[in-house]
Amino acid sequence: MNPKLKELYNKIKKNGLPPEQEQKILLELHDDATHDFADEPSDALQIADEAFRPTSQNIYAYNDLFDLQAISALQSSHNTSLRSIDELLERDKQREKDGFPRKINVGRLIKPGRGGKDKVVVVPSTVEEKFIHDTSLQAEEEQPYGGSGDGEEGEVIGEQPVRSPDVQGGTGPGQGEGGPHEMESNAYDLGKILTEKFELPNLKDKGKKRSLTRYTYDLTDKHRGFGQLLDKKATLRKIVETNMNLGNLTDISDIDLTRFLVSPKDLVYRILSREKDYESQAMVFFVRDYSGSMAGKSTVLVVAQHVLIYSWLLYQYAMQVETRFILHDTEATEVPDFYTYYNSKVAGGTQVSSAYRLVNEIVEKENLVRDYNIYIFHGTDGDDWDTDGKESIPQLKQMLTYANRVGITIAEHAHDKTNNSEVEKYLKKSGLLEEKKDLLRMDVMQEDADEPRLIEGIKHLISEKET
Amino acid sequence: MELIDQHTKKIMEGCKERARKAGLRFQDESLEYIVTNRDLLELTPKLMIPTLYDYWVHDVEVLKEKGRYELYPSNPYETVINTRPAISFYNDNNPDWMNVMIFYHVLAHIDFFQNNLYFRHTWDYDFTGQALSDKRMIAKLRSEKGRWVDYVVEFARGIDNLVGYHEELSRQNRRPKTSRSKMLDYYFDVFLQSEKKVKIHEYIKEIERYNQCINESKELGEKSFFAEIFKKYPEFDAIFKKSLEKKSEQKLDLIQFVLEHSEFLKKEKNSWMKPIIEVVRKTSLFFQPQIRTKIMNEGWASYWHERLFLQDDRIQGHEVDFARTHSGVTSMPRVGLNPYALGMRLLYYIEDLSDKGKYSIEFRKLLDAKKREDFDANTGQGNDFIFKIRENSNDFMFINTFVDQDFVNRYKLFVVGRRLNQAKRVLEYYVKSRKAEDYRRMLLDGLYHPPYITIEQNKSNNGSLYLMHHFEDKPLVKEFISNTMLGIEYLWGAPVQLETSEVKQIEASKPQLTIPGLTTPIKEEKKEKQIKWQRVRYKMKDRKLSKEIIASEDR
């Protein structure tokens, strides 16, 4: 066990701990997981798997085209789906006007393997609703399979590694699969869709314009002698000036143009020049709890929501969004990219204040307040060893002095439906949610929330007026 | 799409000849097309029917994870479709020997489509032709009514899995009416037995009396027979008339009922919706038998492509190629279910047993294991027997009747269980049961089975529609209820109610927090989940859904 954590635990314990809370802390304390990336299935493992490959297909998944002729079961590519997305959204809007609920879902995130292939792709999808039987009541393990071959009853015939008891092998964040993100352009599309479809609020221009390192080029500068475009009016004025000085123009009522001299230097041109572009820009801090208790759905939810928020901001700020990623357990650390942020495995204990402190430090050290609209989104399951927020609240207060918005998402565990996670409790107690409701928002959801609920949450976190 | 070239078509015709000789029966004409990936892109959303009506959902990625096959009774990647002539689709670079194999497979499918009685209602017309005219009709309406056409399609599709497929079949296969009157049938078959519950000797007495009446008064015999009954049971006439009404309405499925009785659709301005709903219903009916015969149909096709290919003299030298491809398609997976493999083996098994005369009383009377094993009456009827099965069975009957312990033993089949091994952090797959009973149950549980929902007219009041879900220990998918009912309400034009069952609570062992160091890791205890159900009534009124609990079960 990490001695530092132990020390922390003892300190907390001294201050008195409700037994339930103590149990949670102990659980995280004794968890021997680490924060490394979820491992990719190595070749060795794949060979081992070769012998045992359970097909989870049911009988209806077989078809002649594929199984007999090996014609791949083609799906329309995501690009073709995207092409018509405007039309689909238009249709969806019309549905609402006609009094029917919307039917298009977007924002399915696809994240294939490492090596530049990773993308966040927007796929419009829908489902045809009918009265059908719900088979999900049968737990995964109980769902019967067919099998053939040797083996006594009760004999184990194969094993499939699971990375975490909560998550089926490697589909979620923190559980592997994923790659360096090449998501910018598609995330932008997603942001556009989110804004239009879900009527996420457009940001108001805060009037806080800062120069960027980006320039536009324009024919604004004047130059004598050469250039791209002759500025006739200015040139004429110059010629007149020169000739007045030369004494060629004495009587204003009697101008003799034949006596005028035109010096090459009189020619005034417009010349292409670099202009600084002024636009508001955003700095977004994504903060994620990756402590042991976050294993499973909580992490998936939080990260999915953060991707959506990121996309929305990307669109709002016309790509001028800079992001910082911070992970925390009892200590906070900044990670360089979304990939690491997304895929780091959970482990360790929980102290929210550590992350808030780090954000504050970064903002102060880099003097970000001057240049940026700052957004901070924090996702957690609501556990905090710092039970009453003695350390977190002051840090949070400081954050609220400069941030445009702080959004806290709490993905509650299904097994304690108390609406009473530590973070939620102390946030409510602090009164900040009321006092600074323009700046601070909290969204509490169950860990089994679906996409519409996520979007609803985002609306709440980022809307101008409290919903 | 292009037709296959003459050379390949000739191969196909050769296959047809050989398949016919082996006993397969199918229409002479068939159409074979080469499909490219591009074609498939357009065809698959239309379930391989090139002329199916357009609908925007076909252009969108449809979320398939949840109950894919429960939602759609058809396979979007079928190689051959049940049309007249039958149309099949091919890769353009299949080698000849492979085409031979696929052609046999396809021909067996066509034979199945055209001879299995569950397809009876698709025999008398060409679906592609019908679909084309429907598609044009819908397109024309769309140009007039715009998006409202799509709403109607959507709402009708919302209930198209509840079509009265079996009722439709029973209408098709009904025996010609007997000369006896309905009243007589009712009196003897229903009234005396179910209403009056008379004793057998009284029943026989009535039959005797009837025969006597007929003998005495010939044509007027029935009248004189009933004259006495009206005296004896004054209520008989009323009950009989009521039963006639009831019977005629019972036969309607939800879509038909809405078409027939909806005040909304009766309105002049809405009458254009009816043909669209009709099209949706017909399309669904067309696909129903496909999903109900998946194992049989694929098994039948695999059986024949193997048998006929090996006899085909044209492909000598390609036996190894064939063996490789064929075993890829029809090998039994270690874990998983393959309809090709399972269906084919079951057919071989049945043929073998029938050849030996094991489907006989004589065999059944045998108790001695050795004698049972060695029993061989050498009937030579196996081939005929499987043809009979192909004509009269569907997946349910096929499995329920013929999967027995000998079959399970012969092919070393078993039910796989899965459990989590906490210590090793692996999912363990283990042999759960080798009992035929369990294996059969596992297969049957996986078969397509839409919920059974009927219309309760005596509970419908003030023009509302009352739907009764006959609960079979599987609740409906909750998220889908609202929009489905919204659609029904729209088409019905008045409130709709649905009575169904859902989970009240699940009592599972609470997730216990393990505290390593303090205790040893808690062993996974297998606890049966206790599910308590409650009967609820959903009501959709003015596009708003409400729910009330009407009964709850406490165990």
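Since we're looking at a predicted model, the values are computed, not measured. Position numbers for residues start from 1 in each chain and track the written sequence from start to end. The naming scheme follows written order: chains are lettered A onward, ligands numbered 1 onward. Note on the predicted model: pLDDT of at least 70 is required for a residue's local features to be given, and 80 or more for side-chain atom pairs to be given and counted; whole-chain, interface and lining totals, by contrast, use all residues.

## Considering the environment of Tyr145(A)
Step number 1: The helix count covers DSSP runs of H or I at least four residues long, the strand count covers runs of E at least two residues long, and both are numbered beginning at the N terminus. Here Tyr145(A) shows up in strand β2 (residues 145-148).
Step number 2: Along the chain, Tyr145(A) and Asn58(A) lie 87 residues apart, while their C-alpha atoms are 8.7 Å from each other.
Step number 3: The residues contacting Tyr145(A), other than those within four sequence positions of it, are Val335(B), Gly336(B) and Val416(B). By the convention adopted here, residues make contact when the C-beta atoms placed from their backbones lie within 7 Å.

## Regarding the confidence of the model for chain A
All names here are of chain A.
Step number 1: On average, residues of chain A carry a pLDDT of 71, and 64% of them reach 70 or more.
Step number 2: As a per-residue measure, pLDDT reflects the predictor's confidence and takes values from 0 up to 100. In this model residues 108-118 is a low-confidence stretch, pLDDT under 50, and it forms 26 contacts with partners more than four residues away in sequence or in other chains.
Step number 3: Predicted confidence for residues 163-185 stays below pLDDT 50, and this span has 69 contacts to residues more than four positions away or in other chains.

## With respect to the confidence of the model for chain B
Residues and elements named next belong to chain B.
Step number 1: Per-residue confidence for chain B averages 86 on the pLDDT scale, and 90% of its residues sit at or above 70.
Step number 2: Counting interchain partners and residues more than four positions distant, the pLDDT-below-50 stretch residues 63-67 has 5 contacts.
Step number 3: Scored below 50 in pLDDT, residues 509-527 shows 19 contacts in the model against residues more than four places distant or in partner chains.
Step number 4: ipTM for the predicted complex: 0.83, alongside a pTM of 0.69.

## Describing the packing of helix α17 (residues 339-355) of chain B against helix α20 (residues 382-392) of chain B
Residues and elements named next belong to chain B.
Step number 1: For every element, the axis is a line fit to its C-alpha atoms; helices are fit only across the contacting stretch, and the angle between N-to-C directions ranges from 0 to 180 degrees. Where α17 contacts α20, the two axes come as close as 8 Å, and the packing angle between them is 130°. For the element pair α17 / α20, the angle class is oblique. Where α17 crosses over α20, the handedness of that crossing is right-handed. Judged by residue contacts, Leu347, Ile350, Glu351, Asp352, Ser354 and Asp355 of α17 engage Gly382, Asn383, Phe385, Ile386 and Ile389 from α20.
Step number 2: When residue character is reported, Ala, Val, Leu, Ile, Met, Phe, Trp, Tyr, Cys and Pro are called nonpolar, Asp, Glu, Lys and Arg charged, and the others, Gly included, polar. The class makeup of the residues in the contact of α17 with α20 is 5 nonpolar, 3 polar and 3 charged. What sets the label is the angle itself: under 35 degrees gives roughly parallel, over 145 gives roughly antiparallel, 65 to 115 gives roughly perpendicular, and the rest give oblique. Two helices cross in a left-handed way if the nearer one is turned anticlockwise from the farther one by less than a right angle. They cross in a right-handed way if the turn is clockwise.

## What about the sheet that holds strand β12 (residues 440-446) of chain A?
Residue and element names in this part refer to chain A.
Step number 1: Here 6 strands make up an open sheet; going across it, the order is β9-β8-β7-β10-β11-β12 and the pairing mixed. The open sheet has two edge strands, β9 (332-335) and β12, and neither has a second partner. Across the sheet, the mean angle from the axis of one strand to that of its neighbour is 20°, orientation sign disregarded.
Step number 2: A pair of strands counts as paired when DSSP detects no fewer than two bridges linking them. With 4 bridges joining them, strand β8 (residues 321-328) and β9 adopt antiparallel strand pairing. Bridging from a neighbouring strand, Ile326 pairs with Glu334 of β9.
Step number 3: Contacts from helix α11 (residues 352-365) reach β7 (282-289), β8, β9 and β10 (373-380) within the one sheet, and its direction differs from that of β8 by about 145°.

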